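# Reading the structure
What follows is each chain in one-letter form.
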Amino acid sequence: MFCYTDIKTYHGQLMTGATTCVQAVQFYLNQIRQHQDLNAYLEIFADEALEIANTLDAERLQGKPIGPLHGVVVGIKDVIAYKGHALSAASKILENYKAVYSATAIEKLIAAGAIIIGRQNCDEFAMGSSNENSAFGPVKNAADHERVPGGSSGGSAVAVQANLCMVSLGSDTGGSVRQPADFCGVVGLKPSYGRISRYGLIAYASSFDQIGIFSKNVADAALVLEVIAGEDAMDSTVASVAVPAYSQLMQAPMAPKKIAYFKETLSHPGLDPEIKSQIENHISILTAAGHCVEAINFDLLNFVVPTYYVLTTAEASSNLSRYDGIRFGHRTKEKVEDLADMYKFSRTEGFGAEVQRRILLGTFVLSAGYFDAYFTKAQQVRQKLVDFTNQVFKAYDFIISPTVPTTAFKIGTKHATATEIFLADIYTVYANLVGVPGISLPLFKHSNGMPFGLQVMSASMEEAALLHFSNSLMKA
Ligand code: GLN
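Residues numbered from 1 in each chain as written. Predicted model: local features only at pLDDT ≥ 70, side-chain atom pairs only at ≥ 80, totals over all residues. Heavy atoms only, no water.

Moving on, we come to the overall build of the protein. A tally of helices and strands in the protein yields 16 helices and 11 strands. A compact globule built from 476 residues would reach a C-alpha radius of gyration of about 23 Å, and the protein, at 22 Å, matches this within 12%. Along the longest, intermediate and shortest principal axes, the C-alpha atoms of the protein span 65 × 55 × 45 Å. Put simply, the protein has 476 residues, and 57% of those count as buried. Sequence separation of at least 24 residues holds for 75% of the intrachain contacts in the protein that already meet a minimum separation of 6. When the accessible surface of the protein is summed, it comes to about 18,700 Å², and 54% of that surface belongs to carbon and sulfur atoms. Of note, the protein has its 38 positive side-chain charges centred 1 Å away from the centre of its 45 negative side-chain charges. (Helix = DSSP H or I, 4+ residues; strand = E, 2+ residues; numbered from the N terminus. Rg over C-alpha atoms; globule rule 2.2 N^0.38 Å. Buried < 20%, exposed > 50% of the residue type's maximum accessible area, 1.4 Å probe, protein only. Contact = heavy atoms within 4.5 Å. Areas by Shrake-Rupley, 256 points an atom, 1.4 Å probe, with all protein chains shown as cover. Lys, Arg positive; Asp, Glu negative; His and termini not counted. Charge placed at Lys NZ, Arg CZ, Asp CG, Glu CD.)

Structure follows, in structure tokens:
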């Protein structure tokens, strides 16, 4: 039977003839069929994936050189454009919409030999932390079907967790890769802002959004990042810095590092006591291994969530104004009097409740009388956070924290207040506010049976060091 551990081992098996790309695709198609109740995928590209696998097998047998992601079976969150395939952002407003071009990240995956097996369920327009905001139903956590997988990239996390693909691409605006990775017990990497092109990624909050990677181990994430990162003529926000060969750096010996953690993160009242004690225990392990771990003050911790929600809703209200039902997407069937009415009906019918809430909030914080009190103020806090972060990374290599204050909660239990669910983003939104990379490593298990992770962040564009260190933590 096909058994997956990592890309390198899989490539070794392909080269000795122990397996084929077709066998790999068949294995995942079968797995997906057997786990349909998880609702991780919105659509499977079965015939196409098998055809590509066939071609790759034939080329390899002819002795053609293989690409770095040859035959790697990838699932993509339904916010990333793949030409000719449906793209819905898990929203009714984009029902029947087909992508007219592919995201740069997708073009690069395909050029490297990857096989895209399907598009994955998520929170509508990537807004949420539980996948319960999808217009196509919630996703279940494979470790406990009564619990959420996290969000917004819940389908992508579960697909890796339940062996429904080798790696997934998600997106992370405030934690949507790291938080579901934490809830599902897989690796979730959000690279630096500007590391991967956002061309073809449906925009939620453009100054925060970044494509991220789910995998079973750090080496796979490193290899995928190496392939999809880098400059792109289609996205001027991508940094013009070279992309290191991340996957080659994994084996180098690990020198002692300087690691900071924010006192306030561990003393936060919302933090599950068991998560706290396991993280504290891990800090002792790091110290015993020769690293220098120090607690530092972070007085701005309680401002990160409000700042994040002011700025992201503002950006979302502008980004989502393009969904008007005129050229594409859902258009109302109601008899309307005028154009404004048509927009109103189409948008009211097409957008779910959470997306409507955020458009309203964002419009409010940008409105004439409130702009300075909310939007300008939040921009000022963001700048303070950036300045503070630059200082921290002058003295330290990494910042560590829990990824999420609790483990995965039960489906249907957190709807009472939006603020409750917003506040749980406290440890993840910081990296997006300041643009640094963050990774969630599945190092822990709670006594309630659920996995949880350690978040590690580095200075912007320092993914090489971040991945190398993360790999050593996973191996230890
Ligand atoms: N939970 C956060 C939100 O709802 C993060 C979403 C994301 O990263 N896309 O905005």
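Our next topic: the site of the ligand. Among the 15 residues in the neighbourhood of the ligand, the closest are listed as Ser-129, Thr-173, Gly-174, Ser-176 and Tyr-204. At 2.9 Å from an oxygen atom of the ligand is found a side-chain nitrogen or oxygen belonging to Arg-358. Most atoms of the ligand, that is more than half of them, are within 2 Å of grid points of the largest cavity. Taken together, the residues of the shell around the ligand sort by class into 5 nonpolar, 7 polar and 3 charged. (Near = heavy atom within 4 Å. Polar contact = N/O pair within 3.5 Å; in protein donor to acceptor, adjacent residues only side chain to side chain. 1 Å grid on protein atoms, 1.4 Å probe; cavity = no way out; pocket = protein on both sides within 12 Å on 5 of 7 lines; lining within 4 Å. Sits in = over half its atoms within 2 Å of the grid points. Nonpolar A, V, L, I, M, F, W, Y, C, P; charged D, E, K, R; others polar.)

With that out of the way, let us pick up the sheet that holds strand E5 (residues 187-190). Here we have 11 strands laid out as an open sheet, ordered E1-E3-E2-E4-E6-E5-E10-E11-E9-E7-E8, and mixed in their pairing. The two strands at the open ends of the sheet, each matched to only one other strand, are strand E1 (41-44) and strand E8 (292-296). Within this sheet the neighbouring strands show an average axis-to-axis angle of 25°, counted without direction. In terms of strand pairing, strand E2 (residues 73-77) meets strand E4 (residues 167-171) through 3 bridges, oriented parallel. Pairing of Ile-76 across the sheet is with Leu-169, part of E4. Contacting E1 and strand E3 (115-120), helix H3 (residues 46-61) runs over the sheet at an angle of about 160° to E3. Most of the contacts of helix H13 (residues 371-395) go to strand E9 (residues 398-402), to which it runs at about 110°, and overall it touches strand E7 (258-262), E8, E9 and strand E11 (451-458). (Pairing = 2+ DSSP bridges. Axes fitted to C-alpha atoms, helices over the stretch in contact; angles between N-to-C directions.)

Okay, the packing of aromatic side chains next. Inspection of every chain in the model, using the stated rule, returns 27 aromatic pairs. A ring pair is formed by Tyr-101 and Tyr-199, whose centres lie 4.8 Å apart and whose planes are at 15°; its orientation type is stacked. Taken as a pair, Tyr-101 in the loop between E2 and helix H4 (104-111) and Tyr-199 in the loop between E5 and strand E6 (211-215) lie far apart in primary sequence, 98 residues in all. Following the ring pairs from residue to residue traces out a cluster consisting of Phe-2, Tyr-4, Tyr-10, Phe-27 and Tyr-28. Of note, Lys-258 hangs over the ring of Tyr-396, and the distance from its end group to the ring centre comes to 4.9 Å. For Arg-382, the ring lying beneath its charged end belongs to Phe-208, and the centroid distance is 4.0 Å. (Phe/Tyr/Trp six-rings, centres within 6.5 Å; stacked < 30°, edge-to-face > 60°. Lys NZ or Arg CZ within 6 Å of the ring centre and 35° of its normal.)

This part covers the nonpolar core. Buried together is how nonpolar side chains tend to be arranged in soluble globular proteins. In this structure, Leu-69, Leu-109, Ile-117, Phe-125, Leu-169, Ile-228 and Val-456 are the most contacted members of the largest nonpolar core, which totals 152 residues. Considering every element that reaches this core, the biggest residue donor is helix H10 (residues 301-319), with 9 residues. With residues near it in sequence (within four places) discarded, Leu-109 still touches Leu-69, Val-74, Ala-114, Ile-116, Leu-169, Val-224, Val-227 and Ile-228. (Core = buried A, V, L, I, M, F, W, Y, C linked by side-chain atoms within 4.5 Å.)

Taken as a whole, this structure holds 12 salt bridges when the rule is applied. Across the salt bridge formed by Lys-276 and Glu-280, the nearest N and O atoms sit 3.9 Å from each other. Of this pair, Lys-276 and Glu-280 both sit in helix H9 (residues 273-288), 4 residues apart, which is roughly one turn of that helix. Judged by relative accessible area, which is 29%, Lys-276 ranks as partly exposed. Given a relative accessible area of 36%, Glu-280 falls into the partly exposed group. Within this structure, Glu-43, Asp-78 and Arg-119 form a network of salt bridges that share partners. (Salt bridge = Lys/Arg side-chain N within 4 Å of Asp/Glu carboxyl O.)

Of all the residues in H4, the buried ones are Thr-104, Ala-105, Ile-106 and Leu-109. The inward-facing, buried residues of H4 abut E2, E3, E4, E6 and helix H7 (218-228). Gly-113 occupies a position one or two residues after H4 and carries a positive phi of about 100°.

By themselves, these observations are geometric and do not establish any function.
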